[in-house]
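# Structural overview for review
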Amino acid sequence: MDREKFDVKGKKILVVGLGRSGIAASQVLCNEGANVWVQDQKSKEEIDSQLLAFFEGFNVEVLLGEIPDEEEDFDLIVLSPGVDPQTSWISKIRNRGCEVIGELELAYRLTNARFVAITGTNGKTTTTTLVGEIFKEAGLPTHVVGNIGVAVIAEAINAGSEDWMVTEASSFQLETTFNFRPQVATLLNLTPDHMDRHKTMEAYGNAKGKIFANQGEGDYSIVNAEDRACVSLAKQSKGRLILFSRKRSRGVDCFVEDDIVKIRDLSGEKRDVIPVKDINLVGSHNLENVLAAVATCFFAGIKIKDIEKAIREFRGVPHRLEPVANIDGVFYYNDSKGTNTDATITAIRALKNDIILIAGGDAKGQEFESLAAEFKDRVKALVLLGRDRELIAMAARKQGFENIYEEKTMQRCVERAAAMAHRGDKVLLSPACASWDMYENFQQRGDDFKSWVLAMEK
């Protein structure tokens with residue numbers, strides 16, 4: 001049965017943050033007849049002139065570098081993911097009775113489309129992309145949206161009840177949801193990340209766990225059986241719990257047996273999906289991503305033949321352990337999406353040894369002892385850049401690792417790594433940090449790395 005859509009016409013709504021999702025939310029709200037205000041810390045010169053012209057055409061109140069009067073009477077505030085909902089002026093307006101939600105929640109309220117939502121610390125983008133490819137292979141009307149790079153609301157507003165929103169959901173997006181109910185919700189893993197925002201693992205986990213909060217009968221909760229925190233969070237779901245594991249087959253629903261990915265249907269019968277050898281992704285972590293995608297799609301009703309075909313053709317996504325070049329027998333890999341220690345540890349383990357690691361950036365409040373512990377017998381040299389590079393260097397030296405170089409630009413990092421690499425070595429960009437100290441996003445950082453690597457081929 002279709003949900004009743006949220007009617008925003010005539011409502012006074014403040015959109016906070018003019019990033020990708022904030023821009024999309026404000027434009028949709030204008031087109032839907034809301035009385036829109038927007039706020040951002042940027043200056044007028046930093047805002048696209050065409051966007052400002054759009055706002056002017058809709059009589060949008062634009063607040064740049066200033067905040068609204070705390071007595072202003074808004075019907076709703078919509079936050080972009082990068083905006084902390086605990087910001088003091090936002091909290092004061094909320095305490096006066098104004099509802100504060102995020103763009104994902106707004107999109108959900110404005111559409112009758114069906115949702116698959118995928119979250120976790122690592123592997124979200126690869127899994128979401130693969131799930132999207134499987135849905136498309138099955139011929140379903142599919143929109144791949146969310147943290148992956150396309151604002152949910154931009155696609156959801158025109159989607160019908162037969163459409164599927166395959167959504168990569170971050171903790172920032174989920175913490176500002178209240179009604180959001182995906183038919184299939186998938187939680188991949190949970191390791192420390194964004195501690196500068198969430199402060200504690202409990203708060204971070206609780207934000208991720210909101211993906212299950214409104215599920216009910218007929219919904220599915222897909223969870224990594226080997227991650228106790230994930231299983232614990234899923235217990236709040238009233239949907240059917242589906243477990244996946246690459247380490248065991250007993251007591252789980254999607255697993256590897258005899259080197260074949262298999263799944264149990266609702267009657268308990270085991271079904272073959274695809275031989276492991278036919279999966280074109282590097283590393284055991286990607287096998288987990290495939291298992292999660294298989295379970296997600298199977299319980300969304302997709303046939304195994306479509307799941308198998310899409311997996312067989314899937315080659316991964318940019319910036320996730322992406323092969324860049326083989327130059328004079330040295331292999332270069334772009335893992336710019338490795339924005340936390342666990343992601344970089346996963347990349348190091350996938351490549352196994354003879355690694356020259358390029359890392360560093362915005363640490364986001366992380367510690368690096370666990371990362372440094374992985375260097376022995378795997379990492380030959382460490383090339384560091386970015387604001388918090390010294391934190392990684394200190395952790396490495398505590399482990400007795402001394403082959404460390406610090407550079408100021410990506411060009412110098414690539415040149416340094418290439419100069420010391422020998423045939424068979426692997427130069428890996430996996431920063432274990434966010435990119436915001438030097439780049440607009442991890443994609444720009446990865447592209448910078450690739451450009452300097454490929455320049456050496458010319």
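None of these values were measured; they are calculated from a predicted model.

Right, let's talk about the pattern of salt bridges for a bit. Taken as a whole and assessed by the stated rule, the structure comprises 34 salt bridges. Glu226 is the salt-bridge partner of Arg248, the closest N and O atoms lying 2.7 Å from each other. Taken together, the residues Arg248 in the loop between β11 (240–244) and β12 (254–257) and Glu226 in the loop between β10 (220–224) and α10 (228–234) connect sequence positions 22 residues apart. By relative accessible area, Arg248 is classed as partly exposed at 35%. Assessed through its relative accessible area of 33%, Glu226 is described here as partly exposed. The partner of Arg312 in a salt bridge is Asp278, and the shortest N-O contact between them spans 2.8 Å. Here Asp278 lies in the loop between β14 (270–275) and α11 (284–298) and Arg312 lies in helix α12 (residues 304–313), a separation of 34 residues in the sequence. A relative accessible area of 16% places Asp278 in the buried class. Salt bridges sharing common partners tie together Glu257, Lys262, Lys270 and Asp272.

For the rest of this paragraph, the subject is the sheet that holds strand β16 (residues 330–334). An order of β15-β16-β20-β17-β18-β19 is seen for the six strands of this open sheet, with the pairing classed as mixed. Bordering the open sheet on either side are β15 (322–327) and β19 (404–406), each of which pairs with just one other strand. Each strand axis lies, on average, 20° off the axis of its neighbour in the sheet, ignoring direction. In the sheet, β15 pairs with β16 via five bridges, with the strands oriented antiparallel.

When a strand is regular, its side chains alternate between the sheet's two faces. Along strand β7 (residues 142–146), four of the five residues are buried, which leaves the element largely enclosed by surrounding structure. As judged from the five bridges shared by β7 and strand β8 (residues 164–168), these two strands associate in the parallel manner. Looking across to β8, one finds that Val145 is bridged to Thr167.

Take the packing of helix α5 (residues 124–137) against α11 next. Across the interface, α5 lies against α11 with an axial gap of 9 Å and an inter-helix angle of 40°. The angle between α5 and α11 falls in the class oblique. Every pair of crossing elements has a handedness; the one defined by α5 and α11 is right-handed. Every residue of α11 that contacts α5 at Thr126, Thr127, Leu130, Val131, Ile134 and Phe135 is listed here: Asn286, Asn289, Val290, Ala292, Ala293, Thr296 and Cys297. The class makeup of the residues in the contact of α5 with α11 is eight nonpolar, five polar and no charged.

The next point concerns the packing of α5 against α12. In the contact formed by α5 and α12, the axes pass within 8 Å of each other and the chain directions differ by 130°. On the basis of the axis angle, α5 is oblique to α12. For the crossing formed where α5 meets α12, the hand is right-handed. Judged by residue contacts, Leu130, Glu133, Ile134 and Glu137 of α5 engage Asp306, Ile307, Lys309, Ala310, Ile311 and Glu313 from α12. Looking at the contact of α5 with α12 residue by residue, the class counts come to five nonpolar, no polar and five charged.

Attention shifts here to unusual backbone geometry. Peptide bonds are trans in most cases, and residues, glycine excluded, mostly fall at negative phi. At Asn59, a position not held by glycine, the phi torsion is positive, near 55°. When you line up the elements, Asn59 lands in the loop between α2 (49–57) and β3 (61–64). Assessed through its relative accessible area of 67%, Asn59 is described here as exposed. A positive phi angle is found at Leu321, which is not glycine, with a value near 50°. Checked against the element boundaries, Leu321 lands in the loop between α12 and β15.

Pairing is parallel in the open sheet, where five strands are placed in the order β3-β2-β1-β4-β5. Two strands bound the open sheet, and with one partner strand each, they are β3 and β5 (99–102). Here the average twist between neighbouring strands, direction ignored, is 20°. Alignment of strand β1 (residues 12–16) against strand β2 (residues 35–40), held across five bridges, turns out to be parallel. Residue Ile13 lies in a different strand from β2, and its bridge partner there is Val36. Contacts from helix α3 (residues 88–95) reach β1, β2, β4 (76–79) and β5, with the element oriented near 155° to β1.

Here the focus is the side chain of Glu288. With respect to the helices and strands, the residue Glu288 is situated in helix α11. For Glu288, the residues in contact, after removing those within four places along its chain, are Asn224, Phe244 and Arg246.

So, about the packing of aromatic side chains. Going through the model one piece at a time under the given rule, you end up with ten aromatic pairs. An aromatic cluster is present here, built from Phe54, Phe55 and Phe58 joined pairwise through their rings. When the ring centre of Phe6 is taken as reference, the NZ or CZ atom of Arg109 above it lies at 5.9 Å. Across the ring face of Phe178, the terminal group of Lys210 is positioned such that the distance to the ring centre comes to 4.3 Å.

It is worth spelling out the nonpolar core at this point. Leu29, Val36, Val78, Leu106, Val152, Ile153 and Met165 are the most contacted members of the largest nonpolar core, which has 54 residues in total. Residues Trp164, Val273, Val290 and Cys297 belong to the second largest nonpolar core, which totals 39 residues.

Calculation criteria
- Residues numbered from 1 in each chain as written.
- Predicted model: local features only at pLDDT ≥ 70, side-chain atom pairs only at ≥ 80, totals over all residues.
- Heavy atoms only, no water.
- Salt bridge = Lys/Arg side-chain N within 4 Å of Asp/Glu carboxyl O.
- Helix = DSSP H or I, 4+ residues; strand = E, 2+ residues; numbered from the N terminus.
- Buried < 20%, exposed > 50% of the residue type's maximum accessible area, 1.4 Å probe, protein only.
- Pairing = 2+ DSSP bridges.
- Axes fitted to C-alpha atoms, helices over the stretch in contact; angles between N-to-C directions.
- Parallel < 35°, antiparallel > 145°, perpendicular 65-115°, else oblique.
- Left-handed = near helix turned anticlockwise from the far one by under 90°.
- Contact = heavy atoms within 4.5 Å.
- Nonpolar A, V, L, I, M, F, W, Y, C, P; charged D, E, K, R; others polar.
- Phe/Tyr/Trp six-rings, centres within 6.5 Å; stacked < 30°, edge-to-face > 60°.
- Lys NZ or Arg CZ within 6 Å of the ring centre and 35° of its normal.
- Core = buried A, V, L, I, M, F, W, Y, C linked by side-chain atoms within 4.5 Å.

Worth remembering: the numbers are spatial, not functional.
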